[in-house]
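# Architecture at a glance
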Amino acid sequence: MDIALDTAGLAPAATTKRPRPRANKRSVPMVVKLAYRNLFHDRLSFAVTIVGIVFSVVLVAVQTGIYLGSEKKIASIIDAAPADLWIVPLGTKSYDDPSLLSGRERHMALSTPGVANAEDMVVSFAKWRKPEGGQTTILLVGSEQISDAPLPWNIEEGSREALDAPNTVAIDQSYFPDLGIKAVNTHAEINGVNVEVAATTKRIRSFTTLPFVFTSIENARRLSGAEQNQATYERVLLSPGADSNAVKTEILTRLPDVEVLTQDEFRKRSQSYWLFQTGAGAALIAGAVLGLIVGIVIVAQTLYSSTKDHINEFATLRALGAGAGYIVKVILMQAVLSGLIGFALGLLLALGVIEAAKDTKLTVMMTPELAASLFAVTIGMCIFAAISAIVKVVRIDPAVVFSR
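It should be emphasised that the depicted structure is a prediction, and the values quoted were computed from it without experimental measurement.

### Side note on the nonpolar core
Core analysis: the biggest nonpolar cluster contains 22 residues, and Ile53, Val299, Ile331, Leu374, Cys382, Ala386 and Ile390 have the highest contact counts within it. Among the secondary structure elements, those contributing two or more residues to this core are helix H3 (43–74), helix H10 (280–309), helix H12 (324–356), helix H13 (368–385) and helix H14 (387–394). In terms of residues, this core owes the most to one element, H12, which gives seven residues.

Dropping the structure here:
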């Protein structure tokens, strides 16, 4: 009885507990470890690599951002006052290449089947005399205020309605120093006529650096010397369901001495003229390509130097049975890690530059598409730069280990 009790008492103590299964910790692949250690072994070389990639990312981002910003600035007026069709003087190269139409275009357009409305727009170069002396050239823009998208936009002070008063204009705040203006209600002269700044805008800048000066269509005609029925461009709005090609053909039949362009055609013509025919776009693209070349050269040099410094270690791996493909993966991983770090730092710096340029005359844009493309280009650049190091690794003779 006592034995039974003792046995019963000891039974629970004798029961063995099964160890709890440990959660499987995901270990870092050896390829990543080797790449990381090789990359950070020489801190100075690593820093040079990152600086090169950051420089490349910032240069490409800013140059491409300026290109996109230039496209936007060139077409800013066209985008802000859209139309289904634009009637422009024959041979017009871009929006800011103005010349006057004959004056009968609006009536001809309105009488064309499928046209709902037609609005005049006057664009003209003019001389602006500053309040305290001196003069500069401006681009005077006059439009009708009955449109669904009247000009100007982004008004900070004043209103569009204020421009209906005789000899009143609106200018952008970024052009205050160029035009000698400090605030609204300041007076200046346009082509010898006294005008008052009745409104100001924000971030409406031209690609050619000539300040936009907005006013009503009547003021624009009077200040530019155009006749009462003349315009530079005719904005044509179509009726719902109208065939734009048929309307375009009919207008050209009635007005053979003009060109009729769609919104997209006028936009692309203006952008093509300034970015490619003048060479401005080619310069921006060349700057971006230069940034890529600099990045490739610096990363290639660093990876090659790192591979050369660790040539004995790589030979040891080969002697232990590691294939050339495994070592190539290590080098590619080094390149990818360099690209990821450099891209992150470069993008942050580029965003800082873009933010700093917001209220200046320089327009730099960053879009999600550009950021994604920049990431792909950066990683591709680093992988391409790894080719020289890969060639060195592939030629390693494992027997080097035994000759030391």
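### Digging into a nonpolar patch on the surface
Among the surface-exposed residues, Phe276, Ile285, Val289, Ile293 and Val297 lie close enough to one another that they form a single nonpolar patch of about 440 Å² accessible area. Sort the elements by how many residues they give to the nonpolar patch and H10 lands first, with four residues. Here isoleucine 293 lies in helix H10.

### Looking at helix H8 (residues 244–254)
All of the buried residues along H8 are Val247, Lys248 and Ile251. Projected onto a plane normal to the axis of H8, the buried residues spread over an arc of 100 degrees and lie on a single side. Facing away from the buried surface of H8 by more than 90 degrees, the exposed residues are Asn245 and Thr253. Contacts from the buried residues of H8 go to strand E1 (85–89), strand E2 (115–129), strand E9 (233–238), strand E10 (258–262) and helix H9 (263–277). The N-cap residue of H8 is aspartate 243: its side-chain oxygen and the backbone nitrogen of asparagine 245 are 3.1 Å apart.

### Focus: the packing of aromatic side chains
For the structure shown, the criterion picks out 11 aromatic pairs. With 5.5 Å between their ring centres and 65 degrees between their planes, tyrosine 233 and phenylalanine 266 make a pair best called edge-to-face. Remark: phenylalanine 266 occurs in helix H9 and tyrosine 233 occurs in strand E9; sequence separation between them is 33 residues. We note that tyrosine 233, like phenylalanine 266, is buried. On the numbers, 5.0 Å between centres and 75 degrees between planes, the contact of tyrosine 273 with tryptophan 274 is edge-to-face. A relative accessible area of 18% places tyrosine 273 in the buried class. Through successive ring pairs, a cluster of aromatic residues spans Trp86, Tyr95, Tyr233 and Phe266.

### A look at the packing of H3 against H12
Orientation of H3 relative to H12, taken along the N-to-C sense of each, is 45 degrees, at an axis distance of 8 Å. The orientation of H3 relative to H12 falls into the category oblique. The hand of the H3/H12 crossing is right-handed. Where H3 approaches H12, its residues Phe46, Thr49, Ile50, Ile53, Val54, Val57, Val58, Ala61 and Val62 are matched on the opposing element by Ser338, Gly339, Ile341, Gly342, Phe343, Leu345, Gly346, Leu347, Leu349, Ala350 and Val353. Among the residues forming the contact of H3 with H12, the class breakdown is 15 nonpolar, five polar and no charged.

### Things to note about the environment of glutamine 334
With respect to the element layout, glutamine 334 can be found in helix H12. For the pair glutamine 334 and isoleucine 383, spaced 49 residues apart in sequence, the C-alpha to C-alpha distance is 9.1 Å.

### Details of the side chain of serine 216
For serine 216, the position within the fold is in strand E8 (residues 212–216). At 3.1 Å, the side chain of serine 216 forms a polar contact with the side chain of asparagine 219. Not counting the four nearest positions on each side in its chain, serine 216 is found in contact with Gly142, Ser143, Leu163 and Asp164.

### Description of the pattern of salt bridges
Between side chains of opposite charge, a pair can form as their charged atoms come close. Throughout the structure, instances matching the rule amount to 10 salt bridges. Across the salt bridge formed by aspartate 120 and arginine 106, the nearest N and O atoms sit 3.7 Å from each other. Within this pair, whereas aspartate 120 is found in strand E2, its partner arginine 106 is found in helix H5 (residues 105–110), the two being separated by 14 residues in sequence. The buried category is assigned to aspartate 120, whose relative accessible area is 7%. Here glutamate 259 ties to arginine 269 by a salt bridge, and the two come within 2.8 Å at their closest N and O atoms. Residue glutamate 259 is found in strand E10, and its partner arginine 269 is found in helix H9; the two are separated by 10 residues along the sequence. Residues participating in the shared-partner salt-bridge network are Arg106, Asp120, Glu144 and Arg221.

Conventions and cut-offs
- Think of each chain on its own: its residues are numbered from 1, step by step along the sequence as written.
- Owing to the predicted nature of the model, reporting of local features is limited to residues with pLDDT of at least 70; listing and counting of side-chain atom pairs is limited to 80 or more, with chain, interface and lining totals taken over all residues.
- Based on all heavy atoms of the structure, the side-chain values leave hydrogens and waters out of the count.
- Residue types Ala, Val, Leu, Ile, Met, Phe, Trp, Tyr and Cys, when buried and joined through side-chain atoms within 4.5 Å, form a set referred to as a nonpolar core.
- For each residue, the accessible area found with a 1.4 Å probe, counting protein chains only, is set against the maximum for its type, and the residue is called buried under 20%, exposed over 50%, and partly exposed in between.
- Helix and strand assignments follow DSSP, with helices taken as H or I runs no shorter than four residues and strands as E runs no shorter than two, numbered in order from the N terminus.
- Patch definition: residues with relative accessible area over 30% and no salt bridge; like charges joined within 9 Å; nonpolar side chains (Val, Leu, Ile, Met, Phe, Trp, Tyr) joined within 5 Å.
- Using the Shrake-Rupley algorithm and a 1.4 Å probe, accessible areas are obtained, with residue cover drawn only from the displayed protein chains.
- Just to be clear on terms, a salt bridge is a Lys or Arg side-chain nitrogen sitting within 4 Å of an Asp or Glu carboxyl oxygen.
- Directions pointing from the helix axis toward each C-beta atom define the arc.
- When checking whether two residues touch, look at their non-hydrogen atoms; a contact exists if any pair is within 4.5 Å.
- Think of a polar contact as two N or O atoms within 3.5 Å of one another; within protein, one of them needs to be a possible hydrogen donor and the other a possible acceptor, and neighboring residues in sequence only count if both atoms come from side chains.
- Aromatic contacts are taken between Phe, Tyr and Trp rings whose centres are within 6.5 Å, Trp giving its six-membered ring; a plane angle under 30 degrees counts as stacked, one over 60 as edge-to-face, and the others as tilted.
- Lines are fitted to the C-alpha atoms to define the axes, a helix being fitted only along its stretch in contact, and any angle between axes, read from their N-to-C directions, falls within 0 to 180 degrees.
- Orientation categories follow fixed angle ranges, with anything under 35 degrees roughly parallel, anything over 145 roughly antiparallel, 65 to 115 roughly perpendicular, and all other angles oblique.
- If you view the pair so one helix is near and one far, a crossing is left-handed when the near helix is turned anticlockwise from the far one by less than a right angle, and right-handed when it is turned clockwise.
- Ten residue types, Ala, Val, Leu, Ile, Met, Phe, Trp, Tyr, Cys and Pro, are classed as nonpolar, four, Asp, Glu, Lys and Arg, as charged, and the remainder, Gly among them, as polar.

What is shown is where atoms sit, not what they do.
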